[in-house]
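Remarks on the overall topology
Below are the chains, spelled out letter by letter.
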Amino acid sequence: MKYIIANWKMNIVDNINQKFQLIKIGSDREIIICPPYTLLNDVNNSIKNCDKISLGSQDISHKASGAYTGMISPKMLTNCGCKYSIIGHSESRLYLKYDEETLIQKAKIALEYGIMPIYCIGESLNEYKNNNTKNILRDQTKLIPDDIKSKILLAYEPIWAIGSGITPKMEQISDSISFIKNELKFHNVLYGGSVVKSNFSDIMSMSDGVLIGSMSINFDDFSYCCNL
Ligand code: PGA
């Protein structure tokens, strides 16, 4: 199975008329739409009859319940139909200041409630330029317990590639994915960061799937890729 994950950001708000029923989906593909919280119910209704399309959230509380203003619990997410949750996207690491312990708590609580974590890691431009990518990837995953590694989707997203239109060379993506699988021992490893129509097939062939931001809100390009 290969995963195609759509990470819809705030610019989707006025454009929810996606015709999911029209998307043709390749046989070994699962599509996961991760809209902002306010659109979870709408998207859940629109994908009701699409058996290869699932719903995911862009974050999840690190606690099952309690007084945590602003947070959304795993139960609230499963009530909306969520089966997946993005955890530790570089934008939430940056703006919401999550540390590794909190992110791991999020992954654990998600799994307890039957939600598959899409756990994001990736190096900054400086770290990349200084040849530090592998150290950073090791660092960002060192607290993740071994028994969880086989249960989550690990998304490798170089921070400098997200939304920039620039990707690492294909050999570098492949090298990082092999490192994450062979050395860090994760089973399902995806790539994200400026995935577009022209690099989609190459990246899919070297990974277990992709996490797509900008291109996922272009319905024509996105549905074209779902059937490649
Ligand atoms: P992008 O975003 O595809 O626009 O680079 C990726 C992401 O947000 O994960």
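Read on for an overview of the structure.

Some details on the packing of helix α6 (residues 133-141) against helix α8 (residues 170-182)
One can describe the packing of α6 onto α8 by two numbers: an axis separation of 11 Å at closest approach and a directional angle of 35°. Of the two elements, α6 crosses α8, and the hand of that crossing is right-handed. Where α6 abuts α8, its residues Thr 133, Lys 134, Leu 137 and Arg 138 lie against Asp 175, Ser 176, Phe 179 and Ile 180. Counted by class, the contact of α6 with α8 contains three nonpolar, two polar and three charged residues.

Some words on the environment of Pro 74
Considering the arrangement of structural elements, one finds Pro 74 in helix α2 (residues 74-79). For the pair Pro 74 and Tyr 191, spaced 117 residues apart in the sequence, the C-alpha separation amounts to 25 Å. Beyond its immediate chain neighbours, meaning those up to four positions away, Pro 74 contacts Ile 60, Lys 63, Ala 64, Ile 109, Tyr 113 and Ile 115.

With respect to unusual backbone geometry
We note that Lys 97 has phi near 60°; this positive angle belongs to a residue other than glycine. By the secondary structure assignment, Lys 97 is in the loop between α3 (90-95) and α4 (100-112). Judged by relative accessible area, which is 64%, Lys 97 ranks as exposed.

Re the state of the cysteines
According to the stated counting rule, one finds zero disulfides in the structure shown. Looking at Cys 34, it has no disulfide partner, and the nearest cysteine sulfur is the one in Cys 82, 7.7 Å off. Residue Cys 34 is classed as buried on the basis of its relative accessible area, which comes to 0%.

Here we look at the site of the ligand
Surveying the vicinity of the ligand reveals 13 residues, the closest of which are Lys 9, Glu 157, Gly 163, Ser 194 and Ser 214. Interatomic distance of 2.5 Å between a side-chain N/O atom of Lys 9 and an oxygen atom of the ligand. Contact distances for the ligand include 2.9 Å between an oxygen atom and a side-chain N or O atom of His 89.

A word on the pattern of salt bridges
When the charged atoms of two side chains lie near each other, side chains of opposite charge can form a pair. Considering all chains together, one arrives at 10 salt bridges under this definition. Across the salt bridge formed by Asp 59 and Lys 106, the nearest N and O atoms sit 2.9 Å from each other. Here Asp 59, found in the loop between β3 (53-57) and α2, pairs with Lys 106, found in helix α4; they are 47 residues apart in sequence, far enough to count as distant. Assigned by exposure class, Asp 59 and Lys 106 land together as buried. For Glu 183, the salt bridge identified is with Arg 138, shortest N-O distance 3.9 Å. Of the two residues, Glu 183 sits in the loop between α8 and β7 (188-192) while Arg 138 sits in helix α6, which places them 45 residues apart along the sequence. A relative accessible area of 38% means that Arg 138 is categorised as partly exposed.

The rules behind the values
- Residues numbered from 1 in each chain as written.
- Predicted model: local features only at pLDDT ≥ 70, side-chain atom pairs only at ≥ 80, totals over all residues.
- Heavy atoms only, no water.
- Axes fitted to C-alpha atoms, helices over the stretch in contact; angles between N-to-C directions.
- Helix = DSSP H or I, 4+ residues; strand = E, 2+ residues; numbered from the N terminus.
- Left-handed = near helix turned anticlockwise from the far one by under 90°.
- Contact = heavy atoms within 4.5 Å.
- Nonpolar A, V, L, I, M, F, W, Y, C, P; charged D, E, K, R; others polar.
- Buried < 20%, exposed > 50% of the residue type's maximum accessible area, 1.4 Å probe, protein only.
- Disulfide = S-S within 2.5 Å.
- Near = heavy atom within 4 Å.
- Polar contact = N/O pair within 3.5 Å; in protein donor to acceptor, adjacent residues only side chain to side chain.
- Salt bridge = Lys/Arg side-chain N within 4 Å of Asp/Glu carboxyl O.

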